[in-house]
Amino acid sequence: MEPASSAADAAFWITAAAILGLLVLSAFFSGSETALTAASRGKLRSMSDKGNSGASRALRITEDNERLIGSVLLGNNLVNILATSLATALFTRAFGESGVALATLVMTVLVLVFAEVLPKTYAITNAETAASRVSPVIALVITVFSPIVGAVRMLVRGVLSLFGVKTDPDSHILAVREEIAGALQLGHSEGVVEKEDRDRILGALDLSERTVEEIMLHRSGIEMIDADNDPQDILRQCLESNHTRLPVFRGDPENIIGVVHAKDLFRAMYQFMQESDKPAESMSQFRFADVAMKPYFIPDSTSLDDQMRQFLRRRTHFALVVDEYGALQGLITLEDILEEIVGEITDEFDPDADHPVKRGEDGNYWIDGAMTIRDLNRALDWSLPDDEANTVAGLVIHEAQMIPTIGQCFSFHGFRFEVVARENNRITALKIRPLAAE
Ligand SMILES: Nc1ncnc2c1ncn2[C@@H]1O[C@H](COP(=O)(O)OP(=O)(O)OP(=O)(O)O)[C@@H](O)[C@H]1O
Ligand SMILES: [Mg+2]
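The numbering scheme is per chain: residues are counted from 1 as the chain's sequence reads. Labels are handed out in written order, letters beginning with A for the chains and numbers beginning with 1 for the ligands. With pLDDT at 70 or above as the cut-off, local features in this predicted model cover only qualifying residues; side-chain atom pairs require 80 or more to be listed or tallied, and sums for whole chains, interfaces and linings still use all residues. Water and hydrogen atoms play no part in the side-chain values, which are based on all heavy atoms of the structure.

This part is about a negative patch on the surface. Patch criteria: residues need more than 30% relative accessible area and no salt bridge. Like-charged residues are merged within 9 Å; nonpolar side chains of Val, Leu, Ile, Met, Phe, Trp and Tyr are merged within 5 Å. Only the protein chains shown count as cover for residues, and the accessible areas themselves come from Shrake-Rupley with a 1.4 Å probe. By convention in these notes, a salt bridge is any Lys or Arg side-chain nitrogen within 4 Å of a carboxyl oxygen on Asp or Glu. For this count, His and the chain ends are skipped, Lys and Arg are scored as positive, and Asp and Glu as negative. All charge positions are set by atom: Lys at NZ, Arg at CZ, Asp at CG, Glu at CD. Where like charges cluster on the molecular surface, the negative patch consists of D386, D387, E388 and E399. Runs of H or I in DSSP of at least four residues are treated as helices and runs of E of at least two as strands, each being numbered from the N terminus. Note that E399 resides in helix α17 (residues 392–400). The rule is simple: take the accessible area with a 1.4 Å probe, protein chains only, and divide by the maximum for that residue type; under 20% is buried, over 50% is exposed, in between is partly exposed. The partly exposed category is assigned to E399, whose relative accessible area is 31%.

Here it is as structure tokens:
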């Protein structure tokens, strides 16, 4: 063998080995991309809880999906293009002009089969295990490529915004929500997902979209203690109340100075009676305001999701809702938020809420004006619009554009509404009948 040809020979084999190595790297990137995007976060979390450090790293790097995919694609393209360029050089040296076509053909087959389909198929069947194995290397790749990926990201956003396209990083979360909701509605018609399950899931999905104002108990319905009343009367009021926590006001109901918890009250009363020799007579000395806890005020625009987390974190389940000027709007408890998910919760003292909607013989439904449209829709599987008003009474007032009097009837959204009772300016009871039934 001549020395020149043996040097060319060596170069041939080195290049071929480099191409092979690059194909292996390419397969690694493709498989990692699939494994990390397909792995279930729930399964990864339970693996990480069991001490699998790869799984916890996989969780961390999949938090910023855009950065992950950017880095992996960059790596993948880099090795693919390098491998193809090397192959083209190699084949043209060996076969002349036709080397380009040959290199394209051979590399397409090799990349497709060994660097794409094979690793991706493997990755998708073992997503979580594969994800936790590759995560340390991919984490390193992300760190190395992050300046380039950041620049690419900015370039992409810039070009898109030139064409008037806005990129919203949260849009995919919304899309997932819509997708789940859509799938559940579909399940409804096919009878796949039970109505109760569907309501529960949709209720939980909606928590972040809705505010406490939409479900709070309106201030007119809050049972409160007037701090200036006779202590004897206050005690009777607390005993007769179905509620455990009663806000205390002084002078004006807007001026809430605290919230009395029945249990605190009983403790304080007991102590008071032990300490005084004539409890019945000295009862007037008992100061209710001292027993009260500090009220917990929240803005009416708080999302149900946030408020639920606050309740759980603060370990209090009772909040007074105020508007932007600090004026009292209503009351909300943890139970009210949970009811949006699981439906009506009734305890020993709740007024009969077994049948919030009563059906009359004439096909009319008797409904409390303060019932929310969502609850009504949920109870009867109707779809009255709830974007203009929260309560059924509110909807009637909105549609009628006035405060109707008792006996007035209206037809809209496919239903007939009749006002049955009114207190001051509030519609307190209604009869509703679907028009299609006529
Ligand atoms: N002082 C109150 N006035 C009017 N409604 C109240 C009052 N306190 C609670 N509610 C309402 O009663 C329902 C039940 O709430 P929750 O179970 O938190 O209160 P509770 O039954 O009084 O207390 P607990 O169950 O802790 O003994 C909720 O819809 C809530 O809005
Ligand atoms: Mg209760």
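Moving on from the coordinates now.
The next point concerns helix α6 (residues 127–162). The first and last C-alpha atoms of α6 sit only 38 Å apart over 36 residues, clearly below the 52 Å expected at 1.5 Å per residue. At any given residue, the bend is defined as the angle formed between two axes, one fitted to the seven residues that end at that position and one fitted to the seven that begin there. Considering bend angle alone, the principal kink of α6 is centred on S146 and spans about 60°; proline P147 follows within four residues of it. Looking one or two residues beyond α6, the residue adopting positive phi is G164, at roughly 80°. Expected span, for any helix, means 1.5 Å times one less than how many residues it has.

Here we take up the environment of V392. Along the polypeptide, V392 turns up in helix α17. Overall, the relative accessible area of 1% leaves V392 in the buried class.

Bringing the confidence of the model for the protein chain into the picture now. Summing up the model confidence of the protein chain, the mean pLDDT is 87 and the portion of residues at 70 or higher is 92%. Both scores are given for the predicted complex: the pTM is 0.61, the ipTM 0.98. The predictor attaches a confidence to each residue, and that confidence, scored 0 to 100, is pLDDT.

Attention now moves to the sheet that holds strand β4 (residues 256–261). Each pair of strands is called paired provided DSSP finds at least two bridges between the two strands. With respect to topology, three strands assemble into an open sheet ordered β2-β3-β4, the strand pairing being mixed. Of all the strands in the sheet, just β2 (225–226) and β4 have a single pairing partner and so form its edges.

Moving on, we get to the packing of aromatic side chains. When two rings of Phe, Tyr or Trp (its six-membered ring) have centres within 6.5 Å they constitute a pair, described as stacked for plane angles under 30 degrees, edge-to-face for angles over 60, and tilted for the intermediate range. Under the definition given, this model contains seven aromatic pairs. Aromatic pair F91 and F95: ring centres 5.9 Å apart, planes at 35°, arrangement tilted. Of the two residues, F91 and F95 are both situated in helix α4 (residues 65–95); the distance of four residues between them amounts to about one turn of the helix. Seen from their ring centres, W382 and F415 are 4.3 Å apart, and the 45° between their planes marks the pair as tilted. Of this pair, W382 sits in the loop between α16 (373–380) and α17 while F415 sits in strand β11 (residues 415–423); the two residues are 33 residues apart in sequence, bridging distant segments of the chain. F415 shares its class with W382; the two are buried. Following the ring pairs from residue to residue traces out a cluster consisting of Y365, W382 and F415. One residue, R314, lies across the ring of Y296, its end atom 3.8 Å from the ring centre. Two conditions define a charge located above a ring, namely a distance within 6 Å from the ring centre to NZ of Lys or CZ of Arg, and an angle within 35 degrees of the ring normal.

Proximity is defined per residue: any heavy atom of the residue falling within 4 Å of a molecule or strand makes that residue near it. In the vicinity of ligand 1 there are 15 residues, among which E223, T244, R245, E335 and D336 approach most closely. In isolation ligand 1 offers 600 Å² of accessible surface; the protein chains occlude 81% of this area. Of all the secondary-structure elements, those providing two or more residues to the shell around ligand 1 are β3 (245–249), β7 (328–333) and α15 (334–342). Looking at the shell around ligand 1 residue by residue, the classes come out as six nonpolar, four polar and five charged. Residue polarity is assigned by list, with Asp, Glu, Lys and Arg as charged and Ala, Val, Leu, Ile, Met, Phe, Trp, Tyr, Cys and Pro as nonpolar; anything else, Gly included, falls into the polar class.

This part covers helix α14 (residues 304–314). Among the residues of α14, L304, Q307, M308 and F311 are the ones counted as buried. Buried residues along α14 cover an arc of 100° about the axis, so they all sit on one side. Contacts between residues were defined by any pair of non-hydrogen atoms, one from each residue, lying within 4.5 Å. On its buried face, α14 sits against α9 (212–215), β5 (297–299), β6 (318–322), β7 and α15. The directions considered for the arc are those from the helix axis to the C-beta atoms.

Let us now look at the packing of α14 against α15. Between N-to-C directions, angles cover 0 to 180 degrees, with each direction set by a line fitted to C-alpha atoms, over the stretch in contact for helices. One can describe the packing of α14 onto α15 by two numbers: an axis separation of 10 Å at closest approach and a directional angle of 130°. Classified by the angle between their axes, α14 and α15 sit oblique to one another. Between α14 and α15 lies a crossing whose hand is left-handed. Here L304, Q307, M308, F311 and L312 of α14 come into contact with α15, specifically with L334, I337, L338 and E340. Looking at the contact of α14 with α15 residue by residue, the class counts come to seven nonpolar, one polar and one charged. Should an angle lie under 35 degrees it is considered roughly parallel, over 145 roughly antiparallel, and from 65 to 115 roughly perpendicular; all remaining angles are considered oblique. Two helices that cross are described as forming a left-handed crossing if the nearer one is turned anticlockwise from the farther one by less than a right angle, and a right-handed crossing if clockwise.

Attention now goes to the nonpolar core. Throughout, nonpolar core names a set of buried Ala, Val, Leu, Ile, Met, Phe, Trp, Tyr and Cys residues whose side chains join them through atoms within 4.5 Å. Core analysis: the biggest nonpolar cluster contains 34 residues, and I19, L36, M107 and I138 have the highest contact counts within it. Counting residues per element, this core draws most heavily on α6, which supplies ten residues. What L36 contacts, discounting residues up to four positions off in sequence, is A58, I61, T62, L68, A131, V134 and I138.

Turning next to the UniProt feature "transmembrane region" (unreviewed entry) in the protein chain. Following the UniProt record, the feature "transmembrane region" (unreviewed entry) maps to residues 12–31, 68–92, 99–117 and 137–156 here. For the annotated span residues 12–31, helix accounts for 100% and strand for 0% of the residues, and the straight-line distance between the end C-alpha atoms is 29 Å. Across residues 99–117, helical content stands at 100% and strand content at 0%; the span's end C-alpha atoms are separated by 25 Å. UniProt positions are given in the numbering used here, feature names are shortened, and annotations may be inferred rather than shown by experiment.

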